[in-house]
Amino acid sequence: MIRRLTIFGVGLIGGSLALALRRAGTCDEVVGCSRSEDHLRQAVELGVIDRYSLDPAEAVAGADMVVLAVPLGAMGGVCAAIRDHLAPDAALTDVGSAKGSVVDAVREGFGELPHGFVPGHPIAGTERSGVAAAFPTLFQGRRVILTPLDTTDIGALAKVRTMWEETGAVVESMSVAHHDEILAATSHLPHLLAFGLVDSLARMGERDEIFRY
């Protein structure tokens, strides 16, 4: 059970996580934080979060689970703002895709890697974005990859794993390096397939007809 969940960046992913945990009945309170107060007001009106703060330090006060759902470029600044205010037993995780870069940003922001930090990557999304696009079943049956570090506390890892399982996700663990190797390979796959298809069509006698329009 999560007593207080603080989400930095209440968009599609962060908002859907909050809604999924509400639906599961495994989170007492959700606090949002971002730079846009209008955005946060909307999240309250939609019932995604209970309250919000524009002050990162205030937002994490009393939180036992903190989720970084902000762009990579903002992670270091958020971590620097909360490093002296995060509860010692709080679990900290993220939803970024390039885990090596996320780890570097968190290390830079805190000055070291917190023992409660569990890097994560939910493989989910839609063509829409923003808190208005959030829905509670986004992670149902989807994979969430956790990449625990040598410094990661096993209790924090278990807590983050349980959180994602409560959303209906299938949770797997692997190293940061292995995750990023897979990501790099799969990110190039659509381009390889496209080039392969064009090359195959180009070898056909109907090339002019195919590309006429």
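So, here's what we can say about the structure.

Cut-offs applied
- Residues numbered from 1 in each chain as written.
- Predicted model: local features only at pLDDT ≥ 70, side-chain atom pairs only at ≥ 80, totals over all residues.
- Heavy atoms only, no water.
- Axes fitted to C-alpha atoms, helices over the stretch in contact; angles between N-to-C directions.
- Helix = DSSP H or I, 4+ residues; strand = E, 2+ residues; numbered from the N terminus.
- Parallel < 35°, antiparallel > 145°, perpendicular 65-115°, else oblique.
- Contact = heavy atoms within 4.5 Å.
- Nonpolar A, V, L, I, M, F, W, Y, C, P; charged D, E, K, R; others polar.
- Core = buried A, V, L, I, M, F, W, Y, C linked by side-chain atoms within 4.5 Å.
- Buried < 20%, exposed > 50% of the residue type's maximum accessible area, 1.4 Å probe, protein only.
- Left-handed = near helix turned anticlockwise from the far one by under 90°.

1. Details of the packing of helix α1 (residues 12–24) against helix α6 (residues 154–166)
Now for step 1: Two elements in contact, α1 and α6, have axes whose closest approach is 9 Å; the angle formed by their N-to-C orientations is 80°. Between α1 and α6, the angle falls in the class roughly perpendicular. Mapping the contact onto sequence places L17, L21 and A24 in α1 and M163, W164 and E166 in α6.
Now for step 2: For the contact of α1 with α6, the per-class residue count stands at five nonpolar, no polar and one charged.

2. Brief notes about the nonpolar core
Now for step 1: Residues L5 and W164 are the most contacted members of the largest nonpolar core, which totals 35 residues.
Now for step 2: Broken down by secondary-structure element, the contributors of at least two residues to this core are β1 (2–8), α1, β2 (27–33), α2 (37–45), β4 (65–68), β8 (143–146) and α6.
Now for step 3: With six residues, the top contributor of residues to this core is α1.
Now for step 4: With residues near it in sequence (within four places) discarded, W164 still touches L17, V95, P122, F139, V144, L146, A169 and V171.
Now for step 5: Counting residues in each nonpolar core, the second largest holds 25 residues, with F8, V31, L92 and A105 among its members.

3. A short note on the packing of helix α4 (residues 72–82) against helix α5 (residues 99–110)
When two helices pack together, their arrangement is given by the angle between the helix axes and by the axis-to-axis distance.
Now for step 1: Viewed as axis vectors pointing N to C, α4 and α5 meet at an angle of 30°, and their least axial separation amounts to 7 Å. The orientation of α4 with respect to α5, classified from their angle, is roughly parallel. In this structure, the crossing between α4 and α5 has a hand that is right-handed. Contacts between α4 and α5 pair L72, M75, G76, C79, A80 and I82 from the former with S101, V102, A105, V106, G109 and F110 from the latter.
Now for step 2: A class-by-class count of the residues in the contact of α4 with α5 yields nine nonpolar, three polar and no charged.

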